[in-house]
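What follows is the residue order along each chain.
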Amino acid sequence: MNQSDATLRIELQFSGGMELLFDNQKTIHAKVPASFPLDTSVEDRHAATIRDLISWTASNLLKERPELFIGTDGSVRSGILVLVNGADWELEGELEYELEDRDEIVFISTLHGG
């Protein structure tokens, strides 16, 4: 396998209503490209980050209402907690965290109708 085909096995979890945007799936075992952007040569790519994962997830896995998942800045929408291997993503570098094989990324919506 050459570097352009390399993937990371990432476990994505969705709760607090987030799963409804992903065809009611609470857990998705995804094979995510190990480097981005995909439309450039391997030499010009960088290691996959959570920023890349959010965009990739929105493009490849999201089934409806992208405005409820991704914000205009490419991050998750306000009100969504993100955990990286059980820790708040703020402790891990947020959008710039470099993904590793077998990472567990959890998205939890804190927004509820009333």
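An unreviewed UniProt entry lists the protein chain under the name Ubiquitin-related modifier 1, from Linnemannia hyalina. Its UniProt record gives the protein chain a comment under Pathway (unreviewed entry), which states: "tRNA modification; 5-methoxycarbonylmethyl-2-thiouridine-tRNA biosynthesis."

> Sorry if this is basic, but what is going on with the pattern of salt bridges here?
One side chain can pair with another of opposite charge once the charged atoms of both are near each other. Inspection of every chain in the model, using the stated rule, returns four salt bridges. Between Lys26 and Glu19 there is a salt bridge; the shortest N-O distance is 3.7 Å. A salt bridge links Glu67 to Arg65; the shortest N-O distance between them is 2.9 Å. A residue is classified by how much of its surface remains accessible, and Glu67, at 43% relative accessible area, is partly exposed. Judged by relative accessible area, Arg65 falls into the partly exposed class, the value being 44%.

> What's the story with the environment of Asp52 in this structure? I'm lost.
Tracing the backbone shows Asp52 in helix H1 (residues 50–60). Under the relative-accessibility criterion, Asp52 is labelled buried at 11%. Placed 20 residues apart in sequence, Asp52 and Val32 show a C-alpha to C-alpha distance of 9.4 Å.

> Would you mind going over the nonpolar core with me for this structure?
Generally speaking, nonpolar side chains in soluble globular proteins are found buried as a group. Membership of the largest hydrophobic core comes to 29 residues, with the highest contact counts inside it found for Leu12, Phe22, Phe69, Leu99, Ile105 and Phe107. Not counting the four nearest positions on each side in its chain, Phe69 is found in contact with Met18, Leu21, Phe22, Ile54, Thr57, Ala58, Leu62, Ser75, Val76, Arg77, Ile80 and Phe107.

> In this structure, what is going on with the sheet that holds strand E2 (residues 27–33)? I would like to understand it.
If you trace the five strands from one edge of the open sheet to the other, you get E2-E1-E7-E5-E6, paired in mixed fashion. Strand pairing shows two members of the sheet lacking a second neighbour, E2 and strand E6 (87–88), which therefore form its edges. In this structure, strand E1 (residues 7–15) lies alongside E2, joined through seven bridges in antiparallel fashion. Bridged to Arg9 within E2 is Lys31. Helix-sheet contacts for H1 involve E1, E2, strand E5 (80–84) and strand E7 (104–109), and the interaxial angle to E2 is about 115°.

> Just to check I follow, could you spell out the packing of aromatic side chains for this structure?
One pair of aromatic rings is described through two measures. These are the centre distance and the angle between the planes. Scanning the entire structure with this criterion turns up four aromatic pairs. Centre to centre, the rings of Phe14 and Phe107 are 5.7 Å apart; their planes meet at 10°, and the pair counts as stacked. You can see Phe14 sitting in strand E1 and its partner Phe107 sitting in strand E7, a full 93 residues away along the chain. Comparing Phe14 with Phe107 shows no difference in burial state: the two are buried.

About the criteria used
What you see as residue numbers is a count from 1 along each chain, following the sequence as written. Where totals are concerned, whole chains, interfaces and linings use all residues; where local detail is concerned, this predicted model gives features only for residues with pLDDT of at least 70, and gives and counts side-chain atom pairs only at 80 or more. To obtain the side-chain values, all non-hydrogen atoms of the structure were included, while hydrogens and water were left out. UniProt positions are given in the numbering used here, feature names are shortened, and annotations may be inferred rather than shown by experiment. Here a salt bridge means any side-chain nitrogen of Lys or Arg lying within 4 Å of a carboxyl oxygen belonging to Asp or Glu. For every residue, the accessible area obtained with a 1.4 Å probe (protein chains only) is divided by the maximum for its type, and the residue is called buried under 20%, exposed over 50%, and partly exposed between those limits. Elements are defined by DSSP. Helices are runs of H or I of four residues or more, strands are runs of E of two residues or more, and each kind is numbered from the N terminus. Only buried residues count toward a nonpolar core. Its members are Ala, Val, Leu, Ile, Met, Phe, Trp, Tyr and Cys residues joined through side-chain atoms within 4.5 Å. Should any heavy atoms of two residues lie within 4.5 Å, those residues are considered in contact. Each pair of strands is called paired provided DSSP finds at least two bridges between the two strands. Where helices are involved, their axes are fitted lines through C-alpha atoms of the stretch in contact, as for all axes, and angles between N-to-C directions lie from 0 to 180°. Side-chain rings of Phe, Tyr and Trp, where Trp is taken by its six-membered ring, are said to pair if the distance between their centres is within 6.5 Å; with planes under 30 degrees apart they count as stacked, over 60 as edge-to-face, and otherwise as tilted.

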